[in-house]
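Structure assessment
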Amino acid sequence: MFREIVINSNPSETRIAVLEDAQLVELLLERAEERRLVGDIYKGRVSAVLPGIQAAFVEIGLPKAAFLHMSDMLEAMLDFEDFDIDDDPQGPSRSRSDMKIEDYLQKNQEILVQIIKEPIGTKGPKVSGRISLPGRFLVLMPGLDHIGVSRRISDRDERQRLRKILTRLKPANAGLICRTVGDGKGEKEFEQDVKYLLDLWEQIDSVAASSEPPALIHREMEMVTGLIRDLFTEEIDRVVIDAEEAYRQILAYLKVFSPDLKNRVKLYRGDGPIFDEHDIESEIAKTLERKVWLKKGGYIVIDQTEALIAIDVNTGRFTGKRSPEDTILKTNVEAAKEIARQLRLRDVGGLIVIDFIDMEQETSKRQVFDTMKQALRTDRARTKVFPLSELGLVEMTRQRERPSVLHYYSEDCFGCGGSGKVLSCASLAMKVDRFLRRIAAHSKERHIQLRVHPELATYLYDERSETLASQEKQLGLTVDLRDDPRLRRDDIRIWFPRLRKDVTAEFQG
């Protein structure tokens, strides 16, 4: 399988696509004004302790107070991978049932916390009282006395070898976890990681000691560099990026930690947008649709609510050639694979209920369940799936750290009161950006008339006028922006005045 990471980065937005054999399987998104928070460390002040639910609220300087559960005081909640951690802390310990949050926290107490889940909907961020600092090959856990190895390293001899190295390198006041990418690495690479992480922790500890809460103490890496750290392994065949500054940052990071991977990073120099070159834009558009068609003619419908995700499987146009049971089995198996891909691609999490088509035979049910489990193994998020019930339902959970792709790209529609979705003005502005780049790359016309809904026109004038002017200069275009109340809010029309022609369809992407 050819695995590739394609990065589209500009000052307004960064988009990272993970492809397997040219098929989009994962999408990471971040805007400059909406940067991700997971991994950030804050010095906060406890605003409330709630013994009834064994939790506390902590003010960390964000619009909403952070939620801290007692379970996140007891053990580190590692957000990057699942780990098999030795449960052998030094010193006396108490059973979990004896531990009460009111014994550890009081109102107005200062505490160092790390965000482990983004604010979603009406909920504030979720934080952990145990700090974890990820490096290239290791995770440092200050204050713990554990060592552990990623579960994804399955070879018994390799796990023992890694444990011996970690035992020799483990600092006296911190635990160490070997990440999956550490498989096969030598002690020299781990020593370098330990030194880097210990220096980082000393800086964090020093800043925390001199700061008054609420205060941001440490900010997690930018998304591009963080992804290279967490995802770019020997299994990735190529990384392509269209931003020269970010390209140099990646090479600088790899020069220190993984110099053997530098030649796999390429700077994109094509004329058109990089996502167009890899046919990614059309796949992103499909992630916003409820219905997903399967290759054999069946389809699945995905409905997202705040509480859960409901997925329905249908045979659609697929009638099969043998028995009804065989047709249903083939549809369900194909749907199981596609559902696993869609969950990863759309980055949805929480409780998920899948309504497969009813099957009579237990062997068929087992085959669908096994297919689902196998397909979920490539998902970096933690998942737990239960066998089909008597009603043909599969219940599962998927780790949720941030809002889904649908939430990122859309906002509640004022016209329908939130029952539908429309692209946000920020997303539409980026769509205008991509329109202009396609025109500059593929057309000789330099004078363009851009017709948009009045609301989008106002947004472009107020929020993106400088960006639009800069882009006109960069691309050598003259853009005549006009509002048109007859258009839908998400309808963007491109005209060539000289030709008196609407060319929107030609540059749709």
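Please refer to the structure higher up on the page.
The rules we used
- Residues numbered from 1 in each chain as written.
- Predicted model: local features only at pLDDT ≥ 70, side-chain atom pairs only at ≥ 80, totals over all residues.
- Heavy atoms only, no water.
- Pairing = 2+ DSSP bridges.
- Helix = DSSP H or I, 4+ residues; strand = E, 2+ residues; numbered from the N terminus.
- Axes fitted to C-alpha atoms, helices over the stretch in contact; angles between N-to-C directions.
- Salt bridge = Lys/Arg side-chain N within 4 Å of Asp/Glu carboxyl O.
- Buried < 20%, exposed > 50% of the residue type's maximum accessible area, 1.4 Å probe, protein only.

Attention now moves to the sheet that holds strand S19 (residues 308–314). Spatial strand order, S17-S18-S19-S20-S22-S21: 6 strands in an open sheet with mixed pairing. For this open sheet the edge positions go to strand S17 (291–293) and strand S21 (383–385), each flanked by a neighbour on one side alone. Across the sheet, the mean angle from the axis of one strand to that of its neighbour is 20°, orientation sign disregarded. Alignment of S19 against strand S20 (residues 350–355), held across 5 bridges, turns out to be parallel. What sits directly across from Ala-310, in S20, is Val-353.

What the rule picks out here adds up to 43 salt bridges. When the shortest N-O distance is used, the salt bridge between Arg-168 and Glu-187 registers 2.8 Å. Here Arg-168 is found in helix H2 (residues 156–169), whereas its partner Glu-187 is found in helix H3 (residues 187–209), with 19 residues between them in sequence. Judged by relative accessible area, Arg-168 falls into the exposed class, the value being 52%. Of the charged contacts in the structure, one is a salt bridge between Asp-326 and Lys-330, with a shortest N-O distance of 3.5 Å. Here Lys-330 and Asp-326 lie together in helix H8 (residues 324–346), a separation of 4 residues that amounts to about one turn. With a relative accessible area of 15%, Asp-326 lands in the buried category. Classification of Lys-330 as partly exposed rests on a relative accessible area of 37%.

Right, let's talk about the sheet that holds strand S1 (residues 3–9) for a bit. On the basis of which strands lie adjacent, the open sheet formed by 5 strands has the order S3-S2-S1-S15-S16 and mixed pairing. The two strands at the open ends of the sheet, each matched to only one other strand, are strand S3 (23–31) and strand S16 (265–267). Along the sheet, successive strands turn relative to each other by an average axial angle of 15°, direction set aside. In this structure, strand S2 (residues 13–20) lies alongside S3, joined through 8 bridges in antiparallel fashion. The partner of Glu-20 across the bridge, within S3, is Gln-23.

As a further point, take unusual backbone geometry. Here the bond from Pro-213 into Pro-214 is cis, since omega is -5°, no more than 30 degrees from zero. By the secondary structure assignment, Pro-214 is in the loop between H3 and strand S14 (215–218). Phi at Asn-108 takes a positive value of approximately 75°, unusual for a residue other than glycine. Turning to its location among the elements, Asn-108 is positioned in the loop between strand S7 (83–85) and strand S8 (110–117). Owing to a relative accessible area of 48%, Asn-108 belongs among the partly exposed residues under this scheme. A positive phi is found at Asp-279, a non-glycine position, where the angle reads about 55°.

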